[in-house]
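Listed below are the residues making up each chain.
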Amino acid sequence: MGSDLINCVTVIVPVKNEEDNLPACLEALKRFSNVVVVDSGSTDRTEDIALSFGVELLQFNWNGQFPKKRNWVLQTYAFTTEWVLFLDADEVVDDEFCDELLEKVETTTGVGFWISYTNYFMGRKLRHGVPQKKLACFKVGSGAYEKIDEIRWSNLDMEIHEHPILDGDIEYVRAPIEHRDYRGLARFIERHVDYAKWEAQRYAALQKRSTEKLEKHTSRQAFKYKNIDKSWFPLFYFFYTYIVRMGFMDGVSGYYYAYYKKWYFITVGNIIREQKKGDRFY
């Protein structure tokens with residue numbers, strides 16, 4: 001088990017009302033000498049928890065437009081490290097991840113790392129389904145999250161579906177982080193309603209810019225935004241996740257995870273169709 005202090009990476013943890021998740025996240029970050037929690041007016045114990053761990057605390061006030069929380073940090077924070085790692089409050093690192101990350105940042109010729117993570121749903125670790133990854137660690141100054149001009153498409157004050165656009169090679173950290181949200185199913189559904197509203201607005205904006213040069217998309221993003229309005233897409237996602245990627249091996253949790261993702265894409269598609277009609281269904 002590693003014990004080296006990691007002082008070449010600043011960990012940024014964006015939060016809002018994360019009192020249930022934040023303690024485990026911060027407890028696991030004690031090997032990092034630079035940890036910054038970026039709050040946006042939490043009304044629970046989030047701020048007190050952050051201060052109790054002795055990390056730096058910033059407050060972000062969103063005006064509904066660009067930049068959101070992560071890009072705001074990249075634009076305004078005075079980094080003293082070469083690398084930045086963005087973690088959500090419901091994500092937890094372990095020594096295996098820390099050891100590999102430390103080795104990679106000291107030897108890489110690239111500018112960023114894809115991070116994989118294990119997902120928990122309804123109390124069970126999901127070992128199958130669509131592999132989960134995100135571009136969450138990169139060199140300071142090598143790029144930023146997509147610049148998307150929105151006017152409060154949803155209540156999301158942090159980049160969720162936007163991804164970093166980096167100038168340089170991107171590698172992988174193979175050791176996963178753990179993603180476990182302790183706020184329950186109702187919060188999962190509430191959060192995905194906001195995601196769905198944002199996705200529908202993003203789709204509409206991309207259609208308007210079809211003749212312009214668009215931001216660089218990953219292959220998964222390109223496929224999604226090409227087909228997300230299609231009636232077959234939610235069923236395709238369910239079949240791919242639950243059957244092709246063997247989500248059924250995760251039992252009841254695997255089924256309901258695929259089911260709620262199907263519900264999510266049905267919701268996105270219906271909002272898109274509602275927007276195209278220029279009227280509301282209800």
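The coordinates are above.
What counts as what
- Residues numbered from 1 in each chain as written.
- Predicted model: local features only at pLDDT ≥ 70, side-chain atom pairs only at ≥ 80, totals over all residues.
- Heavy atoms only, no water.
- 1 Å grid on protein atoms, 1.4 Å probe; cavity = no way out; pocket = protein on both sides within 12 Å on 5 of 7 lines; lining within 4 Å.
- Points joined across faces, edges and corners; volume = space filled by probe spheres on them.
- Helix = DSSP H or I, 4+ residues; strand = E, 2+ residues; numbered from the N terminus.
- Buried < 20%, exposed > 50% of the residue type's maximum accessible area, 1.4 Å probe, protein only.
- Pairing = 2+ DSSP bridges.
- Right-handed = clockwise from strand over helix to strand, strands pointing away.
- Polar contact = N/O pair within 3.5 Å; in protein donor to acceptor, adjacent residues only side chain to side chain.
- Contact = heavy atoms within 4.5 Å.
- Core = buried A, V, L, I, M, F, W, Y, C linked by side-chain atoms within 4.5 Å.
- Phe/Tyr/Trp six-rings, centres within 6.5 Å; stacked < 30°, edge-to-face > 60°.
- Lys NZ or Arg CZ within 6 Å of the ring centre and 35° of its normal.
- Disulfide = S-S within 2.5 Å.

Chemist: Quick question: what am I supposed to make of the layout of surface pockets here?
Modeler: Summary: where empty space remains is shown by rolling a probe the size of a single water molecule over the atoms. Taken as a whole, the second largest pocket spans an internal volume of roughly 240 Å³. If you trace the second largest pocket, you find 18 residues lining it, with L126, H128, G129, V130 and P131 closest to the centre. Taken together, the elements giving at least two residues each to the lining of the second largest pocket come down to β6 (112-121) and α8 (251-277). Sort the elements by how many residues they give to the lining of the second largest pocket and β6 lands first, with four residues.

Chemist: Would you explain the pairing of strand β2 (residues 32-39) in this entry?
Modeler: It is a general feature of regular strands that their side chains alternate between the two faces of the sheet. Buried residues dominate β2, accounting for six of its eight residues. As judged from the six bridges shared by strand β1 (residues 6-14) and β2, these two strands associate in the parallel manner. What sits directly across from I12, in β2, is V36. Pairing analysis gives four bridges linking β2 to strand β3 (residues 56-59), with the strands arranged parallel. From the neighbouring strand, V36 faces β3, where its bridge partner is E56. Each parallel crossover has a hand, and for β2 linked through helix α2 (residues 46-52) to β3 it is right-handed.

Chemist: Sorry, what's going on with the side chain of K134 here?
Modeler: Examined against the element boundaries, K134 turns out to sit in strand β8 (residues 133-139). At 2.6 Å, the side chain of K134 forms a polar contact with the side chain of E91. Ignoring any residue separated from it by four or fewer positions in sequence, one finds K134 in contact with F86, D88, E91, F113, W114, I115 and Y117.

Chemist: It is not clear to me how the nonpolar core should be interpreted in this structure. Could you clarify?
Modeler: One recurring pattern in soluble globular proteins is that nonpolar side chains are buried together. V13, L29, F32, L85 and F97 are the most contacted members of the largest nonpolar core, which totals 34 residues. Here F97 is in contact with L85, I115, V173, A175, P176 and I177, once residues within four sequence places are set aside. Listed in part, the 20 residues of the second largest apolar core include W153, Y225, F233 and I272.

Chemist: What am I meant to see in the pairing of β8 here?
Modeler: Of all seven residues that make up β8, five are buried, and the element is covered over most of its length. Pairing of strand β4 (residues 83-86) with β8 involves three bridges; the strand directions are antiparallel. Among the inter-strand pairings, L85 is bridged to a residue of β8, identified as C137. One ladder, built from five bridges, connects β6 with β8; its direction is antiparallel. Note on β8: the bridge partner recorded for G112 is F138.

Chemist: In this structure, what is going on with the packing of aromatic side chains? I would like to understand it.
Modeler: Between two aromatic rings, the relevant description is the distance of the centres plus the angle of the planes. Taken as a whole, this structure holds 30 aromatic pairs when the rule is applied. Seen from their ring centres, F138 and Y145 are 6.2 Å apart, and the 65° between their planes marks the pair as edge-to-face. Y145 matches F138 in its accessibility class, with the two residues each being buried. Aromatic ring contacts, followed pair by pair, group F121, F188, F238, Y242, F248, Y255, Y256, Y257, Y259, Y260 and W263 into a single cluster. Over the aromatic face of W114 sits the side chain of K133, whose NZ or CZ is 4.4 Å from the ring centroid. Its end group placed over the ring of Y172, R174 keeps NZ or CZ at 4.6 Å from the ring centre.

Chemist: Honestly, the environment of W62 in this entry has me stumped. Any pointers?
Modeler: Structurally, the position occupied by W62 is in the loop between β3 and α3 (69-76). The sequence separation of W62 and V11 amounts to 51 residues, and the corresponding C-alpha distance is 21 Å. Look past the residues within four positions of W62 in its chain and what remains in contact with it is P67, K68, E150, R152, S154, N155, L156 and D157. Polar contacts involving the side chain of W62 include one to the main-chain carbonyl oxygen of Q65, which spans 2.7 Å.

Chemist: Sorry if this is basic, but what is going on with empty space enclosed by the protein here?
Modeler: Per the counting criterion, the structure on display carries one cavity of 30 Å³ or more. The calculated volume of the largest cavity comes to roughly 60 Å³. Around the largest cavity sit Q65, F66, P67, K68, N71, E146, I148, E150, E159 and E162, which together line it.

Chemist: Explain the state of the cysteines to me, please; I cannot follow it from the model alone.
Modeler: Within the structure shown, the criterion is met by zero disulfides. Lacking any disulfide linkage, C98 is separated from the closest cysteine sulfur, that of C8, by 11 Å. Residue classification places C98 among the buried positions, given a relative accessible area of 2%. Between C137, a cysteine without a disulfide, and C8, which holds the nearest cysteine sulfur, the sulfur-to-sulfur distance is 8.8 Å. Given the relative accessible area of 0%, C137 is considered buried.

Remember that the coordinates give geometry; whether it matters functionally is a separate question.
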